[in-house]
Amino acid sequence: MPPGRWVPVHEKVDVPVFKNIIYAVKILFKADKTIMPAVIIAQLTTEVFTNFIQGILFLKVLLGIIEGNGSFEYYTRILLIFFASAVVYEIIIIASDYAQNIAMKRVFKGLNNMIFKKACEVDVACYEDPVFYDAYQRATDILTGSIFMAFVMDFSMLIGDILALVLVIGVVTSIDPSYLIFLAPVAIVFAVEIKKSKLLYQRDLSMTTNNRMKAYSQRTVFLKDFSKDIRTSNIFAVILRRFDRAVQDNIYIIKNYGMKLFFYSLIGSLFGEFTPIVGTYAYASYRFINDTGLDITGFSVVLSSINSVRQTTTGIANSLADLTNMALYFQNLHDFFDYEAKVVPGSRPAEPFELLEFRHVSFRYPSAEEDAIRDMSFTIRRGETVALVGVNGAGKTTLVKLLLRFYDVTEGEILYNGVNIKEYDTASLRRRFATVFQDYKTFALSVNENVLCHAVQDGERALAEEALKQSGVWDKIATLPEGADTVLTREFDENGAGLSGGEAQKTAVARMFAKSFDIAILDEPSSALDPIAEYKMYENLIAATENKTVLYISHRLSSAVLSDKILVVSGGRLAEVGTHTELMAADGEYAKMFSLQASRYAEEVQELG
């Protein structure tokens, strides 16, 4: 697959079935090495015992005794052997079930971890691509839809049925090879079932986007983020209409494929069950009635054997069809894991920061018609406090995404200490930054874990407390039931607590204070704060970032007054550069923005006072 490109799966209906089955087996063994052996042993035992030992051998011995071909003592020995076989069979099944239950938990955990890890490694651009979300959902559907467990069962059943078929055909051939003629149509069933499985896959594929819309609608009802808007507006009626439309579209798709699937099922039943049974029964009856050498034992064993052959061949056909269908789903998983990111890390570790330079940088988002950033050049030196200001949509946050290598520039280059950032190890480079994003998030974890962003170690609570004090939210956190160990939200903990927008933002800012960094990037760090709280937070930031490099990004200009340099962005271009005094004297765009906001700030402060 080309780097950074999600290929819509409708382009890949014809996929290598055998290779994907092998791929699925490898993935399973990587997750857990015991699941396949446990299920295969159980299935082999089941097929051999029920279709061969119980259904044919025991019947043949019993009828032979009835016809006088064995003594009671012989029958007793056979009965004891059969009983012992049944006991062994039950022990194997019970042990296998126990092993399967444990192994499937490990498989589910292992595969989820693999998918989660890959999802965290893909380019940020993927999260703005609906094709990626479809691919991600199809990958996770393999787990949530129990496709892997079904694959294990079908793979094991295929092996078991093949072994049972070989044994049963051996018995039938020893009586009369002519009966095998009536089993020939089963080959048609294999082809029909494989065709049917591809049709089922195409049907399910057509419903992917509709299913994602359904899941989104269901999710919005339960998430706190949407609760207030849903209850104070009619927005959910719009979402509900989309939900209903998605359901109706799925119904249409199911009906559209219905007749074709019915036709394939009818053909499969005709050649898989009707022809073998009717043909065999008629031929066996003819031989028995006309006394052509087929005795009662042979007649009964043939009928039982043909029924077992029918069951096993049908089982093989169904297993092959299911495995073919699953192979198409595993192609989605294969594509997901094989995705190659556009943003490729370099090998150079990022050294302590000295100089950052944007040199004629332009950038255009995937599928966008215009550049978000146009020919932008500027420098930031160690120890400088820089404000990046402009109206919403000017391109400020895009610059941060480029600096952190969430995306790579379309033209130009970004230099860190004189070296193109593409040459640096991405993780090493990002560790040099402490970032508070505009769309910050708090997690359903403890306050300490939200601040430290890892499991709390001994002695780290003091570090988190100091960071919370510096961000201005400690007084609130101290009142929670378990202090900074309180879990945020009650989603998983009835003793959890919720925070206001401003408190949550201050908690997010505390992450920066708790981290060792060279450059602080604050993207709208005070958007949820009133002017007084905003001013106090900036005072703490200035004290905490002394001798550090700070990049403020905001359309609110209170941070600009305290900065060494102001970069004014407008329409994706660098419109002005200078200090607050210089830009006010220039009476340009910055001066107009500041004067307008200053009058509003004065009114807000007066109201708060």
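Note that the coordinates shown come from a computational prediction; the quantities given were computed from them, not determined experimentally.

Draft legend 1. Expanded view of the overall build of the protein chain. Assigned secondary structure in the protein chain consists of 19 helices and ten strands. Looking at the protein chain as a whole, 46% of its 609 residues are labelled buried. In the protein chain, 76% of the contacts between residues at least 6 apart in sequence involve partners at least 24 apart. Working note: accessible area of the protein chain is about 30700 Å², and carbon and sulfur atoms make up 59% of it.

Draft legend 2. Structural context of the pattern of salt bridges. Scanning all chains against the criterion turns up 13 salt bridges. Of the charged contacts, one joins Lys565 and Glu384 as a salt bridge, the two residues approaching to 3.7 Å between their closest N and O atoms. Here the residue Lys565 occupies a position in strand β9 (residues 565-570), and Glu384 occupies one in the loop between β2 (373-381) and β3 (385-389), the gap between them amounting to 181 residues. Just as Lys565 is buried, Glu384 falls in that class too. Among the salt bridges present, the one from Arg432 reaches Asp518, with a minimum N-O distance of 3.2 Å. Of the two residues, Arg432 is situated in the loop between α12 (426-430) and β6 (433-436) and Asp518 in the loop between α16 (501-513) and β7 (519-523); the sequence distance between them amounts to 86 residues. On the basis of relative accessible area, Arg432 is assigned to the partly exposed category, the value being 22%. Overlapping salt bridges bring together Glu357, Arg359 and Glu413 as one network.

Draft legend 3. A look at the sheet that holds β2. An order of β2-β1-β4-β5 is seen for the four strands of this open sheet, with the pairing classed as antiparallel. The open sheet is flanked by β2 and β5 (419-420), the only strands paired with a single partner. Note that strand β1 (residues 355-363) and β2 share six bridges and pair antiparallel. Looking across to β2, one finds that Phe363 is bridged to Ile373. Those strands touched by helix α11 (residues 396-403) are β1, β2 and β4 (411-416), and its axis lies near 115° from that of β1.

Draft legend 4. Quick peek at helix α7 (residues 208-222). In a regular helix each residue adds 1.5 Å, so 15 residues correspond to 21 Å; α7 covers 22 Å between its end C-alpha atoms and thus fits that length. Turning to α7, its buried residues are Thr208, Asn210, Ser217 and Thr220.

Draft legend 5. Broad picture of the pairing of β9. Where burial is concerned, most of β9 is hidden: five out of the six residues are buried. The pairing of β3 with β9 spans four bridges and is parallel. From the neighbouring strand, Val389 faces β9, where its bridge partner is Val568. Sheet analysis places β9 next to strand β10 (residues 573-578), joined by five bridges and oriented antiparallel. Bridging from a neighbouring strand, Val569 pairs with Leu574 of β10. Linking β9 to β10, which pair antiparallel, is a turn of two residues; within it Gly571 sits at a positive phi near 60°.

Draft legend 6. Examining the environment of Asn113 more closely. Relative to the elements of secondary structure, Asn113 occurs in helix α3 (residues 72-121). Judged by relative accessible area, which is 39%, Asn113 ranks as partly exposed. Here the alpha-carbon distance between Asn113 and Ala31, two residues 82 residues apart in the chain, equals 9.4 Å.

Draft legend 7. Molecular detail of unusual backbone geometry. The backbone of Asp375 shows a phi angle near 45°, a positive value even though the residue is not glycine. One can find Asp375 in strand β2. According to the relative accessible area criterion, Asp375 is partly exposed, its value standing at 46%. The phi angle at Asn417 is positive, at roughly 55°, despite the residue not being glycine.

Draft legend 8. Up close: α11. For α11, a buried count of six out of eight residues is recorded, marking the element as mostly surrounded by other parts of the structure. Within the sequence span of α11, burial applies to Lys396, Thr398, Leu399, Val400, Leu402 and Leu403.

Draft legend 9. Representation of the environment of Phe336 in the model. Within the fold, Phe336 resides in helix α10 (residues 296-338). Residue classification places Phe336 among the buried residues on the basis of a relative accessible area of 0%. Distance from Phe336 to Phe132, taken between C-alpha atoms, is 8.9 Å for residues 204 residues apart in sequence.

Draft legend 10. View of the packing of aromatic side chains. Applying the stated criterion across every chain yields a total of ten aromatic pairs. On the basis of an interplanar angle of 90° and a centroid distance of 5.3 Å, the ring pair of Tyr365 and Tyr407 is categorised as edge-to-face. Taken together, the residues Tyr365 in the loop between β1 and β2 and Tyr407 in the loop between α11 and β4 connect sequence positions 42 residues apart. Here Tyr365 and Tyr407 have matching classes, each one buried. Over the aromatic face of Phe517 sits the side chain of Lys548, whose NZ or CZ is 5.0 Å from the ring centroid.

Draft legend 11. How the structure looks around the confidence of the model for the protein chain. For the protein chain, the average pLDDT comes to 78, and 79% of its residues sit at 70 or higher. Taken element by element, the predicted model of the protein chain shows its lowest mean pLDDT in helix α19 (residues 589-608) (65) and its highest in β5 (96). When the criterion is pLDDT under 50, residues 604-609 qualifies, and its contacts beyond four places in sequence or with other chains add up to five contacts.

Draft legend 12. Region of interest: the side chain of Glu357. Tracing the backbone shows Glu357 in strand β1. Of the polar contacts made by the side chain of Glu357, one reaches the side chain of Arg359; its length is 3.2 Å. Glu357 has contacts with Phe378, Thr379, Glu413, Ile414 and Leu415, leaving out every residue within four places of it along the chain.

Draft legend 13. Focus on a nonpolar patch on the surface. Residues Phe83, Val87 and Ile91 make up a contiguous nonpolar surface patch of about 300 Å² in total accessible area. For Ile91, the position within the fold is in helix α3.

Draft legend 14. Fine view of the sheet that holds β7. Within the open sheet, the six strands sit side by side as β6-β7-β8-β3-β9-β10. Their pairing is mixed. A strand with exactly one partner marks an edge of an open sheet, and here the two such strands are β6 and β10. The average angle at which neighbouring strand axes cross in this sheet is 15°, direction not considered. By the bridge criterion, five bridges tie β7 to strand β8 (residues 549-554) in an arrangement that is parallel. Its bridge partner lying in β8, Asp523 is registered against Ile553.

What counts and how
- Residues numbered from 1 in each chain as written.
- Predicted model: local features only at pLDDT ≥ 70, side-chain atom pairs only at ≥ 80, totals over all residues.
- Heavy atoms only, no water.
- Helix = DSSP H or I, 4+ residues; strand = E, 2+ residues; numbered from the N terminus.
- Buried < 20%, exposed > 50% of the residue type's maximum accessible area, 1.4 Å probe, protein only.
- Contact = heavy atoms within 4.5 Å.
- Areas by Shrake-Rupley, 256 points an atom, 1.4 Å probe, with all protein chains shown as cover.
- Salt bridge = Lys/Arg side-chain N within 4 Å of Asp/Glu carboxyl O.
- Pairing = 2+ DSSP bridges.
- Axes fitted to C-alpha atoms, helices over the stretch in contact; angles between N-to-C directions.
- Expected span 1.5 Å × (residues − 1).
- Phe/Tyr/Trp six-rings, centres within 6.5 Å; stacked < 30°, edge-to-face > 60°.
- Lys NZ or Arg CZ within 6 Å of the ring centre and 35° of its normal.
- pLDDT = per-residue confidence, 0-100.
- Polar contact = N/O pair within 3.5 Å; in protein donor to acceptor, adjacent residues only side chain to side chain.
- Patch = residues over 30% accessible without salt bridge, like charges linked within 9 Å, V, L, I, M, F, W, Y side chains within 5 Å.

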